[in-house]
Amino acid sequence: MGFNCGIVGLPNVGKSTLFNALTETAAAAAANYPFCTIEPNVGRVPVPDPRLDTLAKLGKSQKIVPTSLEFVDIAGLVRGASKGEGLGNQFLGNIREVDAIVHVLRCFESSDITHVEGSINPIRDAETVETELMLADLDSLERRVSADQKKARAGEKDAKERLVMAERVLEALRAGRPARTVAESDEDRRALKSLQLLTSKPVLYVANVEEVSAATGNTVSAKVEAMAKEQGAASVVISAAIEAEVAQLADPAERKVFLDDLGLEETGLARVIRAGHKLLDLNTFFTVGPKEAHAWTLRNGAKAPEAAGVIHTDFERGFIRAETIAYDDFVACGGEQGAKDAGKMRVEGAEYLVKDGDVLLFRFNV
């Protein structure tokens, strides 16, 4: 089960620097973590989760395997992309394939790096990208609605159901609002997802600041944070330049000293990865044993058999039950045996909704 975030933005905002730092960080961790560059512009990175280290110690696990997330570096957008300007068609096609959008916004001045719009204004830049995505959605949806209206008149039930959501989205797009603003319930979200629209995807804004503002942000990044809050979106402040430097430090001790000197508790990349994971509405469950402690990614609201299937399709097909211990109970009781002795292990069936942090052991029969 792969989940990915597309890194987007105007040219020269720092998105490729961010992507390269992400993949360099993952490559440096390759001795311990699974990592691969799937294509030149696609990288899979481990999701930082201190719970996994704790579980590995308690389980005396020989190996630690974190869950991972894919990041896709998407070609820079320019005005007119929805009409095919620049690499418009490629840009829009690549966004269509990702699960969420990480939108990098330039929040620093530099005489060495020109801005495609001639000045620093991340709110304008965000609106430029969003407008192009809305125009592309409007064009594709108007064509589909026209076809579905004909099918609905002919009595096709599926077409009638699609039209209900499509017409709501069209109204929003024509009013200058992205498709994601229409979803008010889980049912809405499912219907919206079936339309495969660019502006239905969740967004994380990344405010790329100069090095001295990496810890606190600056007045420009504060505007990005305010915009994100107004939209109900997430935002993270980083300095892509610093992240690129940190990524080159293989020694964890050197990294810590470097970050301490800058007043940073952790890398901005760690925050971006975690925020991306949260953006996708994902849970993490764990399996723990002497061979390995393993984190697994699962969509929020999934049941136990689906979690079993993340590990192996045979586990889902032959699912019998899930022996479940909450993370806090596992830690408080000193591990699996202590949790069993304290009556904290539960036996859950096929209808159990897996919770974030669950430590699971699946019983199955194929």
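Higher on the page you've got the structure.
Residues numbered from 1 in each chain as written. Predicted model: local features only at pLDDT ≥ 70, side-chain atom pairs only at ≥ 80, totals over all residues. Heavy atoms only, no water.

A. Main features of the overall build of the protein. For the protein, the count of helices and strands is 14 helices and 13 strands. By the burial criterion, 48% of the 366 residues in the protein qualify as buried. Sequence separation of at least 24 residues holds for 68% of the intrachain contacts in the protein that already meet a minimum separation of 6. With the model as given, the accessible surface of the protein reaches about 18,200 Å², and the carbon-plus-sulfur share is 49%. (Helix = DSSP H or I, 4+ residues; strand = E, 2+ residues; numbered from the N terminus. Buried < 20%, exposed > 50% of the residue type's maximum accessible area, 1.4 Å probe, protein only. Contact = heavy atoms within 4.5 Å. Areas by Shrake-Rupley, 256 points an atom, 1.4 Å probe, with all protein chains shown as cover.)

B. Broad picture of the pattern of salt bridges. Counted by the stated rule, this structure contains 21 salt bridges. Residue glutamate 225 pairs with lysine 229 through a salt bridge whose shortest N-O separation is 3.7 Å. Here lysine 229 and glutamate 225 lie together in helix α7 (residues 219-231), a separation of four residues that amounts to about one turn. Given a relative accessible area of 62%, lysine 229 falls into the exposed group. Residue glutamate 266 is joined to arginine 274 by a salt bridge in which the shortest nitrogen-to-oxygen separation is 2.5 Å. Since its relative accessible area comes to 33%, arginine 274 is described here as partly exposed. One connected set of salt bridges, linked through shared partners, spans Asp49, Arg51 and Asp356. (Salt bridge = Lys/Arg side-chain N within 4 Å of Asp/Glu carboxyl O.)

C. Helix α5 (residues 157-174), seen in detail. Over its 18 residues, α5 runs 26 Å from end to end, which matches the ideal 26 Å to within 8%, given 1.5 Å per residue. At leucine 163, α5 is bent by approximately 25 degrees, the largest bend along its length. Of the surrounding secondary structure, the elements contacted by the buried residues of α5 are α4 (122-153) and α6 (186-195). (Expected span 1.5 Å × (residues − 1). Bend = angle between axes of the 7 residues up to and from the residue.)

D. Up close: the layout of surface pockets. Reported here for the largest pocket is a volume of approximately 1,600 Å³. Elements represented by at least two residues in the lining of the largest pocket include exactly α4, α6, β7 (203-208), α7 and α10 (268-279). (1 Å grid on protein atoms, 1.4 Å probe; cavity = no way out; pocket = protein on both sides within 12 Å on 5 of 7 lines; lining within 4 Å. Points joined across faces, edges and corners; volume = space filled by probe spheres on them.)

E. A look at unusual backbone geometry. The phi angle at lysine 60 is positive, at roughly 50 degrees, despite the residue not being glycine. If you trace the backbone, lysine 60 turns up in the loop between α2 (50-59) and β4 (63-65). Located in the positive-phi region is aspartate 281, a residue other than glycine, with phi close to 60 degrees. The residue aspartate 281 is located in the loop between α10 and β9 (282-288) in this model. What makes aspartate 281 partly exposed here is its relative accessible area of 45%.

F. Spatial organisation of the pairing of β9. Counting buried residues along β9, seven of its seven residues qualify, which places the element largely inside the surrounding structure. With seven bridges joining them, β9 and strand β10 (residues 292-299) adopt antiparallel strand pairing. For phenylalanine 286, the partnering residue across the bridge sits in β10 and is alanine 295. Counting the residues in the hairpin turn of β9 and β10 gives three residues. (Pairing = 2+ DSSP bridges.)

G. Layout of empty space enclosed by the protein. The tally for this structure, following the rule as stated, stands at one cavity of 30 Å³ or more. Roughly 50 Å³ of internal volume is contained in the largest cavity. If you go around the largest cavity, the residues you meet are Val8, Ile101, His103, Ala126, Val129, Glu130, Leu133, Arg180, Val203 and Tyr205. Of all the elements in the fold, those that place two or more residues in the lining of the largest cavity are β6 (100-106), α4 and β7. Here the lining of the largest cavity gets four residues from one element, more than from any other, and that element is α4. In terms of residue class, the lining of the largest cavity is made up of seven nonpolar, one polar and two charged. (Nonpolar A, V, L, I, M, F, W, Y, C, P; charged D, E, K, R; others polar.)

H. Here's a closer look at the packing of α4 against α7. Where α4 meets α7, the closest approach of the two axes is 9 Å, and the angle between their N-to-C directions is 45 degrees. Judged on the interaxial angle alone, α7 and α4 are oblique. Facing Pro122, Ile123 and Ala126 of α4, the residues of α7 in contact are Val220, Lys223, Val224 and Met227. Classifying every residue of the contact of α4 with α7 gives six nonpolar, no polar and one charged. (Axes fitted to C-alpha atoms, helices over the stretch in contact; angles between N-to-C directions. Parallel < 35°, antiparallel > 145°, perpendicular 65-115°, else oblique.)

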